[in-house]
Amino acid sequence: MNFQELWESALGEIKLNISKANYLTWLKDAFIMDLKGDTVFLGIPSSFTKEWLENKYHKQILSALYNLNPEIKKIEYIVTTDKNSLKKINITKAKQSSRSQKSSILDEQLEFNIDSETNLNPKYTFENFIIGTNNELANAAALAITENLGSKYNPLFIYGGVGLGKTHLLQAIGNRLKSKNKKIKIKYASSEKFTDELINAIRNQKMTEFKKSFRNLDLLLIDDIQFIAGKDKTQEELFHTFNNLHGKNKQIVFTSDRPPKSIPSIEERLRSRFEGGMIADIGYPDFETRFAILEEKSQEVRHLISDDVLRYIAETVSRNIRELEGALNRIIVHARLKNGAITLEEAKKILSSILNRSNQYIPPKEVIKKIISFYDLNESEILGHSRKKELVKPRQIVMYLLRNELKYSYTNIAEKMGNRDHTTVIHACKKITKEIEDNPVFAQEITILKEIIYNK
Ligand code: ADP
Ligand code: MG
């Protein structure tokens, strides 16, 4: 029996005991990488999945494998998506991706390589950024910076609505420069991260280190600067950081959901700094751009998705590229479940529930029940206060879905979730939102969960 046959037989047994949804989320993409002595090396696509398999399914997996081959006594779970080789496991550096690897939303491989020094995610590149009339100015300005660092447009201030590509472009600047010059010092941070680090530095009397880490740079990328509104200490520190870098002709790029003049409660001196370089906006993409983005993102699964279906998605979702991807993702999940191409009629049906969702009433109890069954938990676990990771995450997911999908208020959710504090709910929603952005495997899991809660 080769590894694949061994694993398939084991899965056959495991499948008998768990739900289809659980199987699809946790086990479908796992594979046996190697068998050495009494140990099976199991390749797992994400660290979250790894945690779950270890904590919840380890016994089942081990006993299934043991029944097939009594030599097997141990399992090593290894995060990787590379089915070919064990050798690559330790390669954590961003992989230089070829054209075909680069762009798919299913390309999970690149997701776990966020560089710990720069905080850059290698998946955001100029190569996979589709240029349309809505973003050509911002794209050109960003590119110009990579060719003329610190002198041309400094600072560059990019603004635009939610999900329109600001973070993508901001990180693309960093990734391009890093690939040109390994030694260049770059830091990417959201303005909230900047604030958090500042608070920690003050608390731990590490201001010198903090200053150094933000001033000893060739390029500083600050995302979502609008969140500094009303935060005086952050503004003051940012002002000095800015002056320090700018004075040395070091490049700074900001993004925001609105132009500098519309950010409330910021100091005038800071506002004028934001306006002192180049300001470029990103608008809503037109149909052609949306279609091109979908094409780019579906490259690797194009055999499952016809032009008609892509056109339909591009027509239906127009105001947010993240949602456009979300819709495409849903279609891909269905194609995978079905193991074949999705017809236009099916696509319409699949997307109709997203489109009509805002009118649907689903009681919180119902949502909690479905999530509980999906994760094989019980009610007291999800409503309780245990800090175990495997409980905290689903709990946060419930809160996120209640807020973002069903629009319950934070206080209402806090009460429904076992009388918690409403700030806990706010924190949970932020956390899950961030993870959805950073990790497509996780985003796909949330897509499946939405599917589950909306389907009666
Ligand atoms: P924002 O920061 O403006 O809220 P993001 O940069 O996070 O938005 O973009 C949301 C998603 O849409 C990301 O997955 C990003 O890769 C994708 N995206 C946005 N604009 C484009 C584009 N022009 N081409 C390809 N993908 C895009
Ligand atoms: Mg963003």
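Treat the numbers as computed from the prediction; the structure is a model and nothing was measured.

## Re the site of ligand 1
In step 1: With respect to spatial proximity, 18 residues lie near ligand 1, and among them Ile130, Gly163, Thr167, His168 and Glu325 are the closest.
In step 2: Here an oxygen atom of ligand 1 and a side-chain polar atom of arginine 322 are 2.8 Å apart.
In step 3: Protein coverage of the free-state accessible area of ligand 1, which is 560 Å², stands at 95%.
In step 4: Looking at the shell around ligand 1, the elements with two or more residues in it are α6 (166–180), α11 (287–298) and α13 (321–338).
In step 5: Tallied by class, residues from the shell around ligand 1 come to seven nonpolar, seven polar and four charged.
In step 6: Per-domain counts for the shell around ligand 1 show at least three residues from each of domain 2 (136–282) and domain 3 (287–352).

## What about the environment of lysine 338?
In step 1: Inspection of the secondary structure assignment puts lysine 338 in helix α13.
In step 2: Separated by 2.5 Å, the side chain of lysine 338 and the backbone oxygen of alanine 341 make a polar contact.

## Remarks on the packing of helix α19 (residues 422–438) against helix α20 (residues 440–454)
In step 1: Where α19 meets α20, the closest approach of the two axes is 6 Å, and the angle between their N-to-C directions is 120°. For the pair α19 and α20, the crossing hand works out as left-handed. The residues of α20 that touch α19, namely those facing Ile432, Glu435, Ile436 and Asp438, are Pro440, Phe442, Ala443 and Ile446.
In step 2: Residues of the contact of α19 with α20, tallied by class, amount to six nonpolar, no polar and two charged.

## Quick notes on the packing of aromatic side chains
Any pair of aromatic rings gets described here by the distance separating the centres and the angle formed by the planes.
In step 1: Going through the model one piece at a time under the given rule, you end up with 10 aromatic pairs.
In step 2: Geometrically, the ring pair formed by phenylalanine 157 and phenylalanine 274 is tilted, given 5.5 Å between the ring centres and 40° between the ring planes. Taken together, the positions of phenylalanine 157 in strand β4 (residues 156–160) and phenylalanine 274 in helix α10 (residues 268–274) put the pair 117 residues apart, joining distant regions of the chain.
In step 3: Residue phenylalanine 157 is classed as buried on the basis of its relative accessible area, which comes to 0%.
In step 4: Ring centres of phenylalanine 194 and phenylalanine 214 lie 4.8 Å apart, and the angle between their planes is 75°; on these two criteria the pair is classed as edge-to-face.

## Some points on the nonpolar core
In step 1: One finds Trp7, Leu27, Ile61 and Leu65 to be the most contacted residues of the largest nonpolar core, which totals 60 residues.
In step 2: Looking at this core, you find at least three residues from each of domain 1 (3–84) and domain 4 (364–454).
In step 3: Setting aside anything within four residues of it in sequence, one finds isoleucine 61 in contact with Trp7, Ile14, Leu27, Leu42, Leu53, Ile75 and Tyr77.
In step 4: In this structure, Phe126, Phe129, Ile158 and Ile331 belong to the second largest nonpolar core, which totals 48 residues.

## Focus on unusual backbone geometry
Trans peptide bonds make up most of the peptide bonds, and negative phi angles are found at most residues other than glycine.
In step 1: Each neighbour pair has its own omega, and for asparagine 154 with proline 155 the value is 0°, a cis peptide bond.
In step 2: If you trace the backbone, proline 155 turns up in the loop between α5 (136–147) and β4.
In step 3: Of note, asparagine 249 is a non-glycine position whose phi angle comes to about 55°, a positive value.
In step 4: Relative to the helices and strands, asparagine 249 is located in the loop between α9 (232–247) and β7 (251–256).

Analysis parameters
- Each chain has its residues counted from 1, running along the sequence as written.
- Working convention: letters from A go to chains and numbers from 1 go to ligands, in the order in which they are written.
- Per-residue local features of the predicted model are confined to residues with pLDDT of at least 70, and side-chain atom pairs are confined, for both listing and counting, to 80 or more; whole-chain, interface and lining totals are unaffected and use all residues.
- Computation of side-chain values: all heavy atoms of the structure, hydrogens and water removed.
- Working definition: residue near molecule or strand if any one of its non-hydrogen atoms lies within 4 Å of it.
- Each polar contact in these results corresponds to two N or O atoms within 3.5 Å; when the atoms are within protein, one needs to be able to donate a hydrogen and the other to accept it, and residues that are neighboring in sequence are counted only if both atoms are side-chain atoms.
- Using the Shrake-Rupley algorithm and a 1.4 Å probe, accessible areas are obtained, with residue cover drawn only from the displayed protein chains.
- To qualify as a helix, a DSSP run of H or I must reach at least 4 residues; to qualify as a strand, a run of E must reach at least 2; elements of each kind are numbered from the N terminus.
- Amino acids are sorted into nonpolar (Ala, Val, Leu, Ile, Met, Phe, Trp, Tyr, Cys and Pro), charged (Asp, Glu, Lys and Arg) and polar (every other residue, Gly among them).
- An automatic or database domain assignment is the source of the domain bounds shown.
- Simply put, an axis is a line fit to the C-alpha atoms, just over the touching stretch for a helix, and the angle between two N-to-C directions goes from 0 to 180 degrees.
- Crossings are assigned a handedness: left-handed for a near helix turned anticlockwise from the far helix by less than a right angle, right-handed for a clockwise turn.
- Contacts are assigned to residue pairs with any non-hydrogen atoms lying within 4.5 Å of each other.
- Between the rings of Phe, Tyr and Trp (Trp by its six-membered ring), a pair exists once the centres lie within 6.5 Å; its type follows the angle of the planes, with under 30 degrees stacked, over 60 edge-to-face, and the other angles tilted.
- Only protein chains enter the calculation, and the probe is 1.4 Å; a residue is then buried if its accessible area is under 20% of its type maximum, exposed if over 50%, and partly exposed in between.
- The set of buried Ala, Val, Leu, Ile, Met, Phe, Trp, Tyr and Cys residues whose side-chain atoms join them within 4.5 Å is what this entry labels a nonpolar core.

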